Structures are given as C-alpha cells and as structure tokens.
Amino acid sequence: MQGALAAGLLGGGSRFLGVTEDTGAFLHEVLEHHPGPLPCDEAEWDELALETVRAQRASGRFVPGLGHHVHKDGDPRTPRLMEIAVEEQQFGPHLSLFAAIGRTHPQVLGKTLPLNGAGVCGAALADLDLPLPLLRGFALLARTAGLIGQLAEEMRHPVANEIFLSVDLNNRPVAPDPHPGNRP
C-alpha cells in the first residue's frame, strides 16, 4: 500500500500537483501588487483580469490554472468548487479574480480555455488565507484519496496484468541511437 501511494504521489510532479500552489501564489501576487482598493463589482474584476492576462501574455508566460488537457470544454469540478465557496461564504478576492480571468481571457488569447479544478482549488485555498507554500500539500491530500480509490478498484477488479501484457505484447524493439560523441 505505502509503495503504491508513494509511487502515485511521486508521479504527480509539478505539472499536475503544482497547479494548485502556482495558481494561489499567482493570484495572491496580482492582488498584493494591485494599487488601491480591490475591485468591488464584476466589471472592475474583469478589468483587472484583462490587465493580468495581457501582462502574462506580453511576458510569454501562461496563466496558471487556465486550460486542461482532458476537459477542453470545461472542467466539471470548477462550477461545483465555486458553488461550495459561495455556499460557505468563502468566495473571496482570489476566486473573484480567477473567475474574471475565466470570463475575459478569450479577449486576449483569442480562444477559450477552461478554468481547471486544481486552479480553482488554489484560489479557494488562498481565499482561506492558508500559507501559499502549503497549497501543494492539499493537492497531495486529494491525490492520496484518489489513489486509495484506485487501489481499492484494482483489488476488486484487477487490470494491472492486462495492462502489462498489452504493453509487453505490443512492444517493438528499437535499436539504441549511438552516443553523439561516437558517431563517425
């Protein structure tokens, strides 16, 4: 059990598990350096979001939490996570800015990308004033629960051997390329 959980957690890496922390830190940075009072209505949040997305694009950087490799037309976790924040009266400035980024980014990027669940989690956790360096830890907690569920499923309906055989039977050996320093 420990080995499987450890492998699953180590396999997450910054690309997947880091989005929660990266999004929370990014939004916090924008809000911390915003001059004057924070926006008080949707139009003002949209204005700040447009400035933010334009600045990221001009610097050649992505907006963390924007886009998803599977849920191209919308991450199904996103609306529910935002609903929970509203229900619990915890929809604060980080979520407000992130929601505005979701509304406005197509004007800058020329395409619509979904706000992903990991990014919404980062915004929501930042709104709870949790220490930003710990946000990845919450992603690890969620990943751990998912891994335990996958292990339980594998115990009931094993597929590991089928996956191994599929890879093994479809393997096509390829001769290694010579080391660049050994080429004639």
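Owing to the predicted nature of the structure, the values given are computational and were not obtained by experimental measurement.

(A) Expanded view of helix H5 (residues 93-109). Across its 17 residues, H5 extends 23 Å between first and last C-alpha, which sits within 8% of the 24 Å expected from 1.5 Å per residue. If you look at H5, its biggest bend is around 45°, right at arginine 103, and the proline proline 106 turns up within four residues after that. Residues His94, Leu95, Ser96, Leu97, Phe98, Ala99, Ala100, Ile101, Thr104, His105 and Val108 constitute the buried set of H5. Trailing H5 by a residue or two, glycine 110 shows a phi angle of about 75°, which is positive.

(B) Fine view of the packing of H5 against helix H6 (residues 117-127). The interhelical angle for the contact between H5 and H6, taken along N-to-C directions, is 150°, at an axis separation of 7 Å. What the angle tells us is that H5 and H6 run roughly antiparallel. Residues Pro93, His94, Leu95 and Phe98 of H5 touch H6, and the partners they reach there are Gly119, Val120, Ala123, Ala124, Ala126 and Asp127. Tallied by class, the residues present in the contact of H5 with H6 amount to seven nonpolar, two polar and one charged.

(C) Up close: the nonpolar core. Leu27, Leu97 and Ile101 are the most contacted members of the largest nonpolar core, which has 23 residues in total. Those elements giving two or more residues to this core turn out to be helix H2 (13-32), helix H3 (42-58), helix H4 (77-87), H5 and H6. With seven residues, the top contributor of residues to this core is H5. Those residues in contact with leucine 27, other than ones at most four positions away along the chain, are His94, Leu97, Phe98, Ile101 and Ala123.

(D) Representation of the pattern of salt bridges in the model. For the structure on display, the rule yields six salt bridges. Across the pair glutamate 42 and arginine 103 runs a salt bridge, and its minimum N-O distance is 3.9 Å. Within this pair, whereas glutamate 42 is found in helix H3, its partner arginine 103 is found in helix H5, the two being separated by 61 residues in sequence. With its nearest N and O atoms 2.7 Å apart, the salt bridge here joins arginine 103 to aspartate 46. With arginine 103 in helix H5 and aspartate 46 in helix H3, the pair connects residues that are 57 residues apart, well separated along the chain. When its relative accessible area of 36% is taken as the criterion, arginine 103 is described as partly exposed. By relative accessible area, which is 18% here, aspartate 46 ends up buried. Here the salt bridges share partners, and the residues they tie into one network are Glu42, Asp46 and Arg103.

(E) Structural view of unusual backbone geometry. Phi is positive for glutamine 89, which is not a glycine, with a value near 55°. Even without glycine at this site, aspartate 129 takes up a positive phi of about 60°. In this structure aspartate 129 comes out as exposed when scored by relative accessible area, which is 66%.

(F) How the structure looks around the environment of lysine 72. Along the polypeptide, lysine 72 turns up in the loop between H3 and H4. In sequence terms lysine 72 and leucine 115 are 43 residues apart; their C-alpha atoms lie 9.8 Å from each other.

(G) Quick peek at a nonpolar patch on the surface. Residues Leu134, Phe138 and Leu141 make up a contiguous nonpolar surface patch of about 300 Å² in total accessible area. Position of leucine 141 among the secondary structure elements: in helix H7 (residues 135-156). Take leucine 141: its relative accessible area is 59%, and that puts it in the exposed class.

The rules behind each value
- Residues numbered from 1 in each chain as written.
- Predicted model: local features only at pLDDT ≥ 70, side-chain atom pairs only at ≥ 80, totals over all residues.
- Heavy atoms only, no water.
- Helix = DSSP H or I, 4+ residues; strand = E, 2+ residues; numbered from the N terminus.
- Expected span 1.5 Å × (residues − 1).
- Bend = angle between axes of the 7 residues up to and from the residue.
- Buried < 20%, exposed > 50% of the residue type's maximum accessible area, 1.4 Å probe, protein only.
- Axes fitted to C-alpha atoms, helices over the stretch in contact; angles between N-to-C directions.
- Parallel < 35°, antiparallel > 145°, perpendicular 65-115°, else oblique.
- Contact = heavy atoms within 4.5 Å.
- Nonpolar A, V, L, I, M, F, W, Y, C, P; charged D, E, K, R; others polar.
- Core = buried A, V, L, I, M, F, W, Y, C linked by side-chain atoms within 4.5 Å.
- Salt bridge = Lys/Arg side-chain N within 4 Å of Asp/Glu carboxyl O.
- Patch = residues over 30% accessible without salt bridge, like charges linked within 9 Å, V, L, I, M, F, W, Y side chains within 5 Å.
- Areas by Shrake-Rupley, 256 points an atom, 1.4 Å probe, with all protein chains shown as cover.

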